[in-house]
Amino acid sequence: MAKLKMAVIGTGGISNEHIRGYINNPDTELYAFCDINPERVKAMAEQYGVPLERTFTDKDEMLKALPEIDAVSVCTWNSAHAECTIAALNAGKHVICEKPMAMNAEEAKQMLEAAKRNNKLLMIGFVRRHGNDCEVIRENVDAGTFGELYYAKATYLRRNGNPGGWFGDKSRSGGGPLIDLGVHVIDLVRFIFGNPKPVSVYGVTFQKLFNRPNVYGGKAWKAASTGVEDICDVEDLASALIRFDNGAVLSVEAAFSLNIKKDEGNIELFGTKAGAKLDPNVEIFTELNNRMVNIGFAQETALSFDGLFQKEIDNYVDAILGKAECLAPAEDGVEMMKILDAVYESARTGHEVVLN
Ligand SMILES: NC(=O)c1ccc[n+]([C@@H]2O[C@H](COP(=O)([O-])OP(=O)(O)OC[C@H]3O[C@@H](n4cnc5c(N)ncnc54)[C@H](O)[C@@H]3O)[C@@H](O)[C@H]2O)c1
């Protein structure tokens, strides 16, 4: 069987993970690159051995010039996700689009419609669905270990970790830590809960500290290809309470900049038979003969980045080939964008947002 010809639109930081995934997948050929930044696309092509005649600075030109492309990764900044994804779908390509799916739910719905209209796969880069920690938790959900999961707490908090560049520029990011970091943990909890629909959201956002580039000692998350002055018109902290249609509730906090002792990322799950936490290792909290017990695992259960994106890319390729079910379909991206829109709307109005 001929290998699938894969193109990457947006050859910045995260594209390296997609590219390595295609290089290592036996069913794919790394075929073409596109980035609006000509130096970047050339350097990446040289690094990964993509012929220069298959590099482009305009996605439409690439899609027209190379009709043999089978599938695409969209790894641009967020404001270009919808236009690049819809163009690729309309050209008859399958697409994996990085998270967040889009700038808002309206764009996300248009992307989903384009996938349906063209009968192509649209997968979203919810990479944590492919994590080893998620696998352990889901095995236990399926085995009934937790009983009914009815509440979760999720945090993704950086003390001083605004990446700068487009991440702080709302016109290209759509928002700050909520849409960039919160999206990962909200989606993971929703996935563990069995993908219930959100029914109401109460959210708050704060912009008190901005990006604090002057503060020494923060972790240096820097956007790879900003090329612009650091802008910061996004929130630096978001917090929300999200209620789902199965009665479960998630409390989430995400920050780029916060006066906290150290960076924190954790998910805690609470069920009728047991609870759990994911970080740094999965632990389960339950009862045994009328005693409270904490269960740890003999094998490593901390989220490992080793092979994480490879699993995501392999799932994308297998789903295209009909060998596996797509673990992160576009429908879940749309639900996520509804949640994110609702948090920002609630924060703006000061009231709960009811979704239908
Ligand atoms: N899954 C994860 O854990 C994870 C991690 C980091 C970033 N991301 C996501 O990946 C995306 C990219 O992030 P990044 O850190 O790689 O950013 P980046 O700035 O390093 O790269 C983005 C690239 O997109 C290019 N670009 C912008 N508009 C374009 C267009 N219309 N056509 C072609 N190229 C275009 C830019 O020139 C840039 O090179 C974002 O959506 C981000 O949220 C996901």
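Parameters at a glance
- Here the residue numbers are simple positions, counted from 1 along each chain's written sequence.
- Where local features are concerned, this predicted model is filtered to residues with pLDDT of at least 70; where side-chain atom pairs are given and counted, the filter is 80 or more; whole-chain, interface and lining totals use all residues.
- Heavy atoms throughout the structure, all of them, feed into the side-chain values; hydrogens and water do not.
- By the convention used here, strands pair only if DSSP detects at least 2 bridges between them.
- Under the scheme used here, helices are H or I runs from DSSP no shorter than 4 residues and strands are E runs no shorter than 2 residues, and both carry numbers assigned from the N terminus.
- Angles run from 0 to 180 degrees between N-to-C directions of axes, and those axes are lines fitted to C-alpha atoms, restricted for helices to the stretch in contact.
- For this classification, under 35 degrees means roughly parallel, over 145 means roughly antiparallel, 65 to 115 means roughly perpendicular, and everything else is oblique.
- Throughout, a residue-residue contact means that at least one pair of heavy atoms, one from each residue, lies within 4.5 Å.
- In this classification, Asp, Glu, Lys and Arg are treated as charged, Ala, Val, Leu, Ile, Met, Phe, Trp, Tyr, Cys and Pro as nonpolar, and every other residue, Gly included, as polar.
- Start and end points for every domain follow an automatic or database-based domain assignment.
- The term buried area denotes the loss of accessible surface (1.4 Å probe radius) that occurs when two parts are joined, taken as the sum for both partners.
- Take a side-chain nitrogen of Lys or Arg and a carboxyl oxygen of Asp or Glu: if they are within 4 Å of each other, that pair is a salt bridge.
- In protein, a polar contact requires one atom able to donate a hydrogen and another able to accept it; more generally it is a pair of N or O atoms within 3.5 Å, and residues adjacent in sequence count only if both atoms are side-chain atoms.
- Here a cavity is any set of points on a 1 Å grid over the protein atoms alone where a 1.4 Å probe fits but cannot get out, and a pocket is any open set with protein on both sides within 12 Å along at least 5 of 7 lines; a residue lines the site when it has an atom within 4 Å of a point.
- Grid points are joined across faces, edges and corners, and a volume is the space filled by probe spheres set on the points.

Draft legend 1. Highlighting the pairing of strand E11 (residues 264-271). Note that strand E7 (residues 149-157) and E11 share eight bridges and pair antiparallel. Of the residues in E11, the one forming a bridge with Lys153 is Glu268. Inspection of the sheet shows E11 paired to strand E12 (residues 275-277) by three bridges, in the antiparallel sense. From the neighbouring strand, Glu268 faces E12, where its bridge partner is Lys277. In this antiparallel pair of consecutive strands, E11 and E12, the connection spans three residues.

Draft legend 2. Broad picture of the packing of helix H6 (residues 132-142) against helix H8 (residues 177-192). Where H6 contacts H8, the axes come no closer than 10 Å and their chain directions differ by 25°. For the element pair H6 / H8, the angle class is roughly parallel. Mapping the contact onto sequence places Cys134, Ile137, Arg138 and Val141 in H6 and Leu188, Phe191 and Ile192 in H8. Of the residues in the contact of H6 with H8, the class split is six nonpolar, no polar and one charged.

Draft legend 3. Representation of the domain arrangement of the protein chain. If you check the domain split of the protein chain, you get domain 1 (4-126 + 310-326) and domain 2 (129-304 + 336-354). The C-alpha-based centres of domain 1 and domain 2 are spaced at 26 Å. Across the contact, 19 residues belong to domain 1 and 22 residues belong to domain 2. Here domain 1 meets domain 2 over a buried area of about 1700 Å², counting both sides, of which 62% is carbon and sulfur. The partner of Lys99 in a salt bridge is Asp180, with the nearest N and O atoms 3.1 Å apart. Counting across the interface, domain 1 meets domain 2 through seven residue pairs in polar contact (both at pLDDT 80 or more). Mapped onto the side of domain 1 that touches domain 2, the elements with two or more residues apiece are helix H5 (105-118) and helix H9 (308-320). Its residues assigned to classes, the side of domain 1 that touches domain 2 shows nine nonpolar, five polar and five charged.

Draft legend 4. Quick look at the sheet that holds strand E13 (residues 283-288). The mixed open sheet is built from nine strands, whose spatial order is E14-E13-E12-E11-E7-E10-E9-E8-E15. Each of the sheet's edge strands pairs with one partner strand only, and the pair in question is strand E14 (291-296) and strand E15 (353-354). As paired strands, strand E8 (residues 198-206) and strand E9 (residues 237-244) are joined by eight bridges and run antiparallel to one another. Pairing of Val204 across the sheet is with Ser239, part of E9. The strands touched by H8 within the sheet are E7, E9, strand E10 (249-255) and E11, with E10 carrying the most contacts at an inclination of about 155°. The sheet contacts of helix H10 (residues 330-349) involve E8, E9 and E15, and relative to E8 the element is tilted by about 50°.

Draft legend 5. Summary view of the side chain of Ser251. Tracing the chain through its elements places Ser251 in strand E10. When near neighbours in sequence (up to four residues on either side) are disregarded, Ser251 contacts Tyr151, Ala152, Lys153, Ala154, Ala240 and Leu241.

Draft legend 6. Broad picture of the layout of surface pockets. Considering only enclosed or pocket space, the second largest pocket measures out at about 210 Å³ in volume. Together, 16 residues line the second largest pocket, and Lys170, Gly174, Thr205, Glu235 and Tyr344 are the ones closest to its centre. Across the lining of the second largest pocket, the residue classes break down as seven nonpolar, four polar and five charged.

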